[in-house]
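Structure at a glance
What follows is each chain in one-letter form.
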Amino acid sequence: MTDKYTQLVSHGLGRNVARKLGLPQPALLRRYKPGQALISGPILVQGASAGAEELAAILLSWDLDVRRHAVPREKLGAIILVMDELAGPEDLEKPVLSAASSLRDLAPSARFITVSRPADGAGTPSGAAARQGVDGFLRSLAKELRAGATANGILLPEGVSATSPSAVAALRFFLSGRSAFVDGQFLTVSTAEGRLPSDFEKPLAGKVAVVTGAARGIGAAIARTLYRDGATLVLVDVPAAGDHLAGVANEVHGTALQLDISREDAGQRIIDHAVQRHGHLDIVVHNAGITRDKLLANMDHSRWSSVLNVNIAAQLRINQALMASEHFRDSPRIVSVASTSGIAGNRGQTNYAASKAGVMGLVRATAPLLAHHGGTINAVAPGFIETEMTARIPLALREVGRRLNSLQQGGQPADVAEAIAFLASDAAGGINGTVLRVCGQNVVGA
Amino acid sequence: MSIDGQSATGPQDSSALAAPGATRTLRRAVIVGGNRIPFARSGGAYTKSSNQDMLTAALDGLIARFGLQDERIGEVAAGAVLKHSRDFNLTREAVLGSALSAETPAYDLQQACATGLETVLGLANKIKLGQIDSAIAGGVDSASDAPIAVSEGLREVLLDLNRAKSLPQRLQVLSRLRPKDLAPDAPGTGEPRTGLSMGEHQALTTAQWNISRAAQDEISYNSHRNLAAAYDAGFFDDLLTPYRGLTRDSNLRVDTTLEKLATLKPVFGKSLGAEATMTAGNSTPLTDGASTVLLASEAWADAHDLPKLATVVDGEAAAVDFVHGKDGLLMAPAFAVPRLLARNGLTLADFDFFEIHEAFAATVLSTLAVWEDEEFGRSRLGLDGAFGTIDRARLNVNGSSLAAGHPFAATGGRIAATLAKMLHAKGTENGRPARGLISICAAGGQGVVAILEAL
């Protein structure tokens with residue numbers, strides 16, 4: 001559910017009043033539903049490189065309305081700015097300003113997507129400057145866009161073409177309603193690995209996925225989204241949450257596994273359950289996590305250790321069991337839920353932020369180990385998401401929390417789930433060891 | 001999970017099919033697993049829950065555990081001892097409210113406290129015969145939401161009123177009403193033919209066999225201690241789904257001690273002359289709850305990639321003439337077990353686990369006492385001497401009704417699923433599969449017992 005304020009200012013009198021008073025006017029975001037068109041309205045592909053040509057051709061092959069030159073006053077669904085051949089800072093101006101003239105033509109919930117190269121492979125200081133410049137440019141533009149439009153970037157290192165499976169998949173993800181609450185972010189496609197699905201509506205068909213902490217909130221949304229995308233689900237939560245877990249399992253035709261993930265043998269029990277019931281295991285989503293908030297001055301052993309144990313230690317042990325298992329070798333995927341608290345810090349959450357920052361650290365370090373078997377591990381860092389947990393934050397704090405991002409609203413659990421489903425797909429095989437924020441470009445953090 | 005090509009009209013296993021009228025080969029019926037909701041003391045967490053609510057919740061937890069959504073199960077059988085007349089199709093209604101296929105047939109069964117185990121045996125027999133490939137057995141009871149009937153006087157007046165045709169006739173019928181007719185008739189645990197409650201009946205047996213207070217308290221203490229340890233070890237993680245905020249049986253006292261139990265005042269047998277020994281601590285309380293057990297043919301379990309914990313080997317029912325005082329009300333299992341074991345060529349020494357339902361601690365002890373009694377063995381069981389003794393270390397090792405509580409019809413399912421899991425964990429030793437005995441006494445002087453074997 002979109003929050004009440006957003007609903008109020010989206011129509012009629014409420015909209016007029018909010019506009020006159022200069023109040024925030026969050027837009028109703030375009031969110032993906034099965035059968036929905038990838039994007040409505042023409043896509044303007046700007047850039048003179050071979051990559052731009054190839055991308056335009058791919059979009060055309062999907063029967064999309066593609067423009068290589070802007071038609072004045074034509075409403076655009078998206079602008080894709082391909083800048084994969086920047087040699088120096090002076091190369092930025094032309095593409096950026098040509099895109100600028102089309103910005104006013106962007107439709108509500110439109111997309112602005114850059115395709116460029118990471119600075120660290122530039123080879124020359126001026127090349128690196130140009131490439132890094134895209135970062136600041138895009139993040140600022142994301143803050144200028146209105147009406148639910150977002151701006152995100154795809155980074156392609158040398159040797160990875162704009163038409164590699166994961167680059168194409170990332171482009172689709174950013175164009176679609178699946179990325180509704182992802183704003184001002186870059187996704188790095190590090191290899192040409194990955195395989196596009198035969199059916200973009202069922203990208204997880206045939207996959208067996210485990211979701212921990214699936215009884216409610218974001219975990220339940222992940223379960224629903226993976227199920228919608230075709231996965232067979234094993235849902236894990238602590239035995240005490242078993243009744244909610246059973247409800248979700250019956251909704252998504254999965255199996256419920258009541259298990260405390262901090263048990264020593266949790267990894268093996270998850271593997272055994274998945275293999276016995278479903279024959280194999282392809283995707284593990286580490287969503288289970290706890291908070292025990294306290295200022296550090298008041299922190300005690302139990303608050304610190306329980307959070308670190310559930311949020312990191314359990315995950316490390318399960319990953320170890322997964323990587324040791326012969327049943328987790330066929331392009332396996334691990335996606336961990338981190339948090340913007342782990343990026344920007346949060347008062348009263350030294351333990352939680354340490355654990356979530358730790359998750360990002362372990363994801364980066366585990367990536368090369370999984371790459372062995374064509375596997376990937378990535379993290380998704382949610383910002384302010386409307387859940388039962390955030391609904392308990394006092395009203396004023398909650399209201400501030402949900403407006404402090406470029407989209408001026410809290411995200412939905414499904415927004416986090418969409419990013420996870422994307423990273424868990426075969427098509428995302430070239431994306432490994434990254435952290436994708438789903439935060440509406442929250443003002444805190446990088 | 002549905003099996004492609006499953007016939008719409010009959011079992012999928014071609015091995016179970018034979019020419020019409022031909023004798024079919026029996027096949028094995030296996031327990032796949034179970035699910036129950038935590039049991040709640042009457043008037044507690046489930047006060048506002050109906051039998052149908054609780055049975056549906058137990059079913060949904062089972063469906064979630066084994067991925068049975070939209071599955072057409074061969075048959076579901078369950079029942080309740082305290083059942084409202086509007087719940088005539090209780091089990092079918094629960095199925096319709098669950099995530100199972102609406103094309104799953106169901107029937108209600110009632111055999112007092114043996115209801116749950118009898119559903120297991122009856123459905124297992126259908127599977128063995130090849131009539132069905134899968135089944136869910138179960139039971140539920142609510143002492144909190146028990147039906148209350150009107151008095152016989154009011155009932156007769158109301159029925160006659162319905163038949164009266166004119167106003168004068170109606171007034172004439174109504175004039176028969178007396179104030180005492182308005183008192184409701186609440187259900188009790190009294191035996192209709194003796195007027196004695198179950199506890200008073202057991203007190204007679206307890207006194208007859210000289211069962212001591214200390215021995216009863218020890219049974220109760222062990223029940224609580226074993227059940228608590230099982231919870232702590234995560235034993236119930238795949239046998240139970242929380243319900244209405246309850247994650248453990250609310251009757252469980254983790255901190256109970258023999259000293260505390262010894263301080264409780266006797267509640268049954270106070271007028272017998274002999275010292276009364278039965279207290280609230282060594283008797284089961286009125287309880288609400290529901291349990292389910294998933295049964296299947298081996299082929300069905302394999303085709304659905306489901307575990308096979310134990311086989312349902314055999315079962316036996318018995319009844320005693322308690323009305324004329326020949327035997328104690330709850331002593332029928334003492335007769336059923338020797339018959340069952342003889343038929344299967346087994347002795348008590350051939351079992352790894354004994355699950356003797358703890359209606360009262362004294363029920364368990366009376367049963368063990370008569371089995372150890374040479375005279376009883378000779379004169380009542382027709383044996384050469386005593387039937388035998390059991391290794392107490394194998395008795396109710398993960399707790400039983402004294403700690404978990406006893407929602408009458410739900411107890412059989414609790415025990416069957418618990419024992420099946422224990423047997424599977426023990427597996428096969430020296431070529432012999434682990435074996436377990438279930439014994440459940442029931443109102444009306446009845447008892448149902450069964451043998452399970454590990455897979």
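What counts, and where the lines are drawn
The residue numbers shown here count from 1 along each chain, following its written sequence. All chains are assigned letters beginning at A, and all ligands numbers beginning at 1, according to the order in which they are written. Only residues with pLDDT of at least 70 are given local features in this predicted model, and only at 80 or more are side-chain atom pairs given and counted; all residues enter the totals for whole chains, interfaces and linings. Segments assigned H or I by DSSP are reported as helices when at least four residues long, segments assigned E as strands when at least two residues long, and all are numbered from the N terminus. Radius of gyration: over C-alpha atoms. The globule rule applied is 2.2 Å multiplied by the number of residues raised to the 0.38 power. Our exposure labels follow a C-beta count within 10 Å of each residue's own C-beta, placed from the backbone: buried means 20 or more other C-beta atoms, exposed means 12 or fewer, and partly exposed covers the counts in between. A pair of residues counts as a contact when their C-beta atoms, built from backbone coordinates, are within 7 Å of each other. Structurally, a nonpolar core is described as a collection of buried Ala, Val, Leu, Ile, Met, Phe, Trp, Tyr and Cys residues joined by way of C-beta atoms within 7 Å. An automatic or database domain assignment supplies the start and end points of every domain. Residues are grouped as follows: nonpolar covers Ala, Val, Leu, Ile, Met, Phe, Trp, Tyr, Cys and Pro; charged covers Asp, Glu, Lys and Arg; every other residue, Gly included, is treated as polar. A pair of strands counts as paired when DSSP detects no fewer than two bridges linking them. With axes taken as lines fitted to C-alpha atoms, and helix axes fitted only over the stretch in contact, angles between N-to-C directions fall between 0 and 180 degrees. If the strands point away from the viewer and the path from the first strand over the helix to the second runs clockwise, then the crossover is right-handed. Relative orientations are named as follows: roughly parallel for angles under 35 degrees, roughly antiparallel for angles over 145 degrees, roughly perpendicular for angles from 65 to 115 degrees, and oblique for any other angle. By convention, the crossing between two helices is left-handed when the near helix turns anticlockwise from the far helix through less than a right angle, and right-handed when the turn is clockwise. Fitting one axis to the seven residues ending at a residue and another to the seven starting there, the bend at that residue is the angle between the two axes. Multiplying 1.5 Å by the helix residue count minus one yields the expected span of that helix.

**Side note on the overall build of chain B**
- For chain B, the count of helices and strands is 14 helices and 14 strands.
- The C-alpha radius of gyration of chain B comes to 23 Å, within 12% of the 23 Å expected for a compact globule of 455 residues.
- When burial is assessed residue by residue, chain B has 53% of its 455 residues classed as buried.
- Taking all contacts inside chain B whose residues are at least 6 apart in sequence as the whole, residues at least 24 apart take part in 81%.

**Quick look at the overall build of chain A**
- When helices and strands are tallied, chain A shows 15 helices and 13 strands.
- Taken over the C-alpha trace, chain A has a radius of gyration of 22 Å; the compact-globule value for 446 residues is 22 Å, and the two agree within 12%.
- Based on the C-alpha atoms only, the size of chain A along its principal axes is roughly 60 × 50 × 45 Å.
- Within chain A, buried positions represent 53% of all 446 residues.
- Considering only residue pairs separated by 6 or more positions, chain A has 76% of its internal contacts joining residues 24 or more positions apart.

**Details of the nonpolar core**
- Counting residues in hydrophobic clusters, the biggest one holds 261 residues, and the most contacted among them are Leu235(A), Val380(A), Ile31(B) and Leu295(B).
- In terms of residue count, helix α1 (residues 51-66) of chain B provides more of this core than any other element does, nine residues in total.
- Taken domain by domain, this core gets at least three of its residues from each of domain 1 (31-188) and domain 2 (208-438) of chain A.
- With near-sequence residues (within four places) excluded, Ile31(B) lies in contact with Val293(B), Leu295(B), Leu309(B), Ala310(B), Val312(B), Ala416(B), Ala417(B), Ala420(B) and Leu452(B).

**Regarding the interface of chain B and chain A**
- At the junction of the two partners, chain B supplies 17 residues and chain A supplies 18 residues.
- Grouping the constituent residues of the side of chain B that touches chain A by class yields seven nonpolar, five polar and five charged.

**Overview of the sheet that holds strand β4 (residues 106-116) of chain A**
Residue and element names in this part refer to chain A.
- Spatially, the six strands line up as an open sheet ordered β2-β1-β3-β4-β5-β6, and their pairing is parallel. Pairing within the sheet leaves two strands with one partner each, and these edge strands are β2 (66-67) and β6 (186-188).
- With four bridges connecting them, strand β1 (residues 43-46) and strand β3 (residues 76-83) associate as parallel partners. Along β3, the bridge assignment pairs Val 45 with Ile 80.
- On top of the sheet, helix α3 (residues 50-61) reaches β1, β2, β3 and β4; it is set at about 160° to β1, its chief contact.
- Taken strand by strand, helix α4 (residues 93-100) contacts β1 and β3, and its axis lies near 175° from that of β3.

**What to know about the domain arrangement of chain A**
Residues and elements named next belong to chain A.
- According to the domain assignment, chain A contains domain 1 (31-188) and domain 2 (208-438).
- With 22 residues of domain 1 in contact, the opposing surface of domain 2 contributes 19 residues.
- Only α5 (125-144), α6 (165-175) and β6 provide two or more residues apiece to the side of domain 1 that touches domain 2.
- With four residues, the top contributor of residues to the side of domain 1 that touches domain 2 is α6.

**Quick look at the pairing of strand β8 (residues 232-237) of chain A**
Residue and element names in this part refer to chain A.
- In terms of burial, β8 is largely enclosed, as six of its six residues are buried.
- Every second residue of β8 is oriented toward a common face, with Thr 232, Val 234 and Val 236 on one face and Leu 233, Leu 235 and Asp 237 on the other, all of them buried.
- Pairing geometry for strand β7 (residues 208-212) and β8, over five bridges, is parallel. Bridging from a neighbouring strand, Val 210 pairs with Val 234 of β8.
- In terms of handedness, the path from β7 via helix α7 (residues 217-228) over to β8 forms a crossover that is right-handed.
- Here four bridges tie β8 to strand β9 (residues 255-258), and the two strands are oriented parallel to one another. Across the sheet, Leu 235 pairs through a bridge with Ala 256, a residue of β9.
- In this fold, the crossover linking β8 to β9 by way of helix α8 (residues 242-251) has right-handed handedness.

**Topic: the packing of helix α7 (residues 213-232) of chain B against helix α11 (residues 361-372) of chain B**
Residues and elements named next belong to chain B.
- Where α7 contacts α11, the two axes come as close as 8 Å, and the packing angle between them is 115°. The angle between the axes of α7 and α11 places the two elements in the roughly perpendicular class. For the element pair α7 and α11, the recorded crossing hand is right-handed. Seen from α7, the contacting residues are Ala 215, Gln 216, Ile 219 and Ser 220; seen from α11, they are Ala 361, Ala 362, Val 364 and Leu 365.
- Tallied by class, residues from the contact of α7 with α11 come to six nonpolar, two polar and no charged.

**Re helix α10 (residues 301-324) of chain A**
All names here are of chain A.
- The principal kink in α10, of about 45°, is found at Asn 309.
- Within the sequence span of α10, burial applies to Val 307, Val 310, Asn 311, Ile 312, Ala 314, Gln 315, Ile 318, Asn 319 and Leu 322.
- Close packing links the buried residues of α10 with α9 (266-278), β10 (283-286), β11 (333-337) and α12 (350-371).

**A word on α7(A)**
All names here are of chain A.
- Between its terminal C-alpha atoms α7 stretches 17 Å, which fits the 16 Å expected from 12 residues at 1.5 Å a residue.
- Taken across its 12 residues, α7 has nine buried, putting it largely inside the fold.
- Buried residues of α7: Ile 218, Gly 219, Ala 220, Ala 221, Ile 222, Ala 223, Thr 225, Leu 226 and Tyr 227, and no others.
- Backbone geometry just downstream of α7 places Gly 230 in the positive-phi region, at approximately 110°.

**Regarding unusual backbone geometry**
- A positive phi angle, close to 55°, is found at Gln441(A), a residue other than glycine.
- With respect to the secondary-structure elements, Gln441(A) resides in the segment after β13 (435-438).
- We note that Asn430(B) has phi near 55°; this positive angle belongs to a residue other than glycine.
- Examined against the element boundaries, Asn430(B) turns out to sit in the loop between β11 (428-429) and β12 (432-433).

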